[in-house]
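What the coordinates show
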Amino acid sequence: MKFIKLEDWHPKGIDDLEPNAWLALRRRESTSVIAGPGAGKTEFLAQKAAYLLETGLCPPNKKILAISFKTDAAKNLADRVTERCPQELGSRFVSMTFDAFTKNIVDRFYSAIHGDWKPTQQYEVFFPNKRSVSDFWRRLQSSVPDNYQFSIMSEVRQMTDSTFESNVVGSWRIPAHGIHAPQSARDYIIVSWLLEQIKVSNDGQSSISFTTLNRLAEYIIRTNNHVHRAIKGTYPFVFVDEFQDTTYAQYDLLLSAFGLSEIAVTAVGDYKQRIMGWAGAKDDAFHQFEADFSAQRYPLRLNHRSSPELVRIQQVIAQAIDYEVSELQTNNHNQISGDAAWVCVSRNIDNEASYLAQWIASDLRSSTLKPRDYCVLVRQKPEDYEQQLSSYLTQYGLSLRNESVKIGKTTLQDLLAEELTILFSTLLRLGLGQRNAKVWSQLSAAIQLLRNKNQEDEKALRQVEHQLTNFISELRDAMLQPFTSENTRHVFERVIDFINLKDLRKAYARYATGDLLEINRSALEVFFTHCVESQSSWANFLDEFEGINHIPLMTIHKSKGLEFDTVIFLGIDDNAWWSYQPGNTEGLATFFVALSRAKQRTIFFYCQQRGSRRRVSDFYALLTSAGVKEYEI
């Protein structure tokens, strides 16, 4: 392929980049990009990938590694690169989550783990919580030798259940030469925690957390030169999205894998949106990165998402987080008349749910918006809000869907972002007869990638196109049969067989090792069955499966990276924000993230029955100072 000269390269799919984005894109060394909400972080990374691939700065035998925190963010970035690059170039862009990258290293280079640190090759991933840690303290106390008892339990008292694994274990490195006598009480505690996971459990497998997997991956890279050289030799360019949420363990892994080398790491994010401190996010990630990687910082100043009025309100919250924050600009317009943000105050939950359902129904009738243009956000426990609001929405023919709900070993939101799920639903849409030239083209390209066909082999590409055409025809016949459990099951199996999980595993790096693909296949079957049981036709099934006519309900953390025309923020009270301390930066950042998901409107709801608002009074004070009005309903 002929490469584009550096001076002749132009952005793909957009008119231009802002000046600082151009500087960050052209820099060949490590780079720090501070990009606020709506600044186009994903678009910037997609453009930089296209620039590196199309100009040959990333050589033909090398790849770009992109690491995100959420499955849908990784998928979104990969899709944008695919749209902007020829397939032979786009296939050299590897986009995965931090957890998938970590697990991939452990599974691929399992033989590089030695001695007592070696888990079973097939292992379970478990997610420790405060209860898991407190139970560990009790077991530890009963097993500590008498001469260590005082010093170890004294050390334990200085640790907390919520930050032990993320901060303490996450910042500890496994010794390169096996287990020796612990050098301190702290070492004894950490080693005991790790080995308890690594040892074989009753079902014959190790049960390992992602932090422990991360420590094993870092150990492999640090102690095995062959592995380290292979990783650095494969990825001369590395992107890390939402860098403000990087944990101690994740940062240490990046440092071991790509630090002190010629690898160019581009870290993108916004310290004002640091909301994962509870999960171990470093509080100085950008400054540490810039020092360790000699990275140059470039702030992006444009907001491409929100209306001018919402950007003005967001600026008030941003300045409460960091009074030196630069003033953002927007190239959008206000598309609604009236307020862009307001607070609704109700006396009880029924009053709140009834009013909100009526308002959404009325707004839908008077606009061109669809149900998924709205989003209901809560700080935590969406199930506590789901039933009441759903019952009132149903009266207007509307549905609410909790996208944070668990499906098997994943969540609905993550499942719907998986390549397997997207291929599955796209094939069913085409089988139903819903023809779309763009969808067909994208599906054809995806199947060519699955079958590993050379883009220059026209005969092979025609063969894949012919196979796809024949399969869609067969699928259409099958979907014309009565909508019974037996027939729908047959369709499910035919589509999975056509996708071919072996081909999927080969085509996508994050599926290459471990059980991620099996987890998603199992969850897909569970969700498929649930949707079949609640519907009476394939058309209704697909609408239900994809959530076409559902208003999404999710936590603020799950909304990161997403955008909606109208954001409805429920539960701004002391009970929902029980751990918040007035003026707490991370709490303000969480509030800022919720506000910044909206393109045109944000509506805040306070219900007196849910609790008081003394603890979160500064939220309301900031809104008042921004000119946001409050109404009783």
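Residues numbered from 1 in each chain as written. Predicted model: local features only at pLDDT ≥ 70, side-chain atom pairs only at ≥ 80, totals over all residues. Heavy atoms only, no water.

1. Here we look at unusual backbone geometry
- For Lys381, which is not a glycine, the phi torsion comes out positive at approximately 50°.
- If you trace the backbone, Lys381 turns up in the loop between strand E12 (374-378) and helix H16 (383-394).
- The backbone of Asn500 shows a phi angle near 70°, a positive value even though the residue is not glycine.
- Position of Asn500 relative to the elements: it lies in the loop between helix H21 (485-499) and helix H22 (501-507).
- Accessibility expressed as a relative area gives 27% for Asn500, which makes it partly exposed. (Helix = DSSP H or I, 4+ residues; strand = E, 2+ residues; numbered from the N terminus. Buried < 20%, exposed > 50% of the residue type's maximum accessible area, 1.4 Å probe, protein only.)

2. Considerations on the sheet that holds strand E18 (residues 598-607)
- As summarised here, the arrangement of the seven strands in space is E13-E16-E12-E17-E18-E11-E19, forming an open sheet in which the pairing is parallel. Both outer strands of the open sheet, strand E13 (399-402) and strand E19 (629-632), are each paired with one neighbouring strand and no more. Taking the axes of each pair of neighbouring strands and ignoring which way they run, one obtains an average angle of 25° across the sheet.
- Relative to strand E17 (residues 564-569), E12 is paired through four bridges, and the arrangement is parallel. By the bridge assignment for E17, Cys375 is matched with Val567.
- Along the sheet, helix H26 (residues 585-595) makes contact with E12, E17 and E18, crossing E18 at roughly 125°. (Pairing = 2+ DSSP bridges. Axes fitted to C-alpha atoms, helices over the stretch in contact; angles between N-to-C directions. Contact = heavy atoms within 4.5 Å.)

3. What about the nonpolar core?
- Counting 65 residues, the largest nonpolar core has Ile360, Ile568, Phe569, Leu570, Trp577, Phe604 and Phe619 as the members making the most contacts within it.
- Those residues in contact with Ile568 that lie beyond four places of it in its chain are Leu356, Ile360, Tyr374, Cys375, Val376, Leu377, Ile603 and Phe605.
- In terms of nonpolar packing, the next biggest core, distinct from the first, is built from 64 residues, Ala112, Ile113, Ala217 and Ala295 among them. (Core = buried A, V, L, I, M, F, W, Y, C linked by side-chain atoms within 4.5 Å.)

4. Things to note about the UniProt feature "binding site: ATP" (unreviewed entry) in the protein
- In this structure's numbering, the residues bearing the UniProt feature "binding site: ATP" (unreviewed entry) are Ala35, Gly36, Pro37, Gly38, Ala39, Gly40, Lys41 and Thr42.
- Position of Pro37 relative to the elements: it lies in the loop between strand E1 (31-35) and helix H2 (41-54).
- Residue Pro37 is classed as buried on the basis of its relative accessible area of 1%.
- Ignoring anything within four residues of it in the chain, the contact list for Pro37 reads Asp270, Gln273, Asn303, Arg305, Gln314, Phe592, Ser596 and Arg597.
- By the secondary structure assignment, Gly38 is in the loop between E1 and H2.
- When its relative accessible area of 7% is taken as the criterion, Gly38 is described as buried. (UniProt positions renumbered as here; feature names shortened; annotations may be inferred.)

5. Quick look at the pattern of salt bridges
- Applying the stated criterion across every chain yields a total of 41 salt bridges.
- A salt bridge links Lys103 to Asp107; the nearest nitrogen and oxygen atoms lie 3.0 Å apart. With Lys103 and Asp107 both in helix H5 (residues 98-108) and four residues apart, the pair spans about one turn of that helix.
- Ionic pairing is found between Arg601 and Asp363, a salt bridge with its closest N-O pair at 2.6 Å. Taken together, the residues span a long stretch of sequence, with Arg601 in strand E18 and Asp363 in helix H15 (residues 349-365) at a distance of 238 residues.
- Note on Asp363: relative accessible area 12%, which makes it buried.
- Taken together, the shared-partner salt bridges connect Arg173, Arg215, Glu218, Arg222 and Asp252 into one network. (Salt bridge = Lys/Arg side-chain N within 4 Å of Asp/Glu carboxyl O.)

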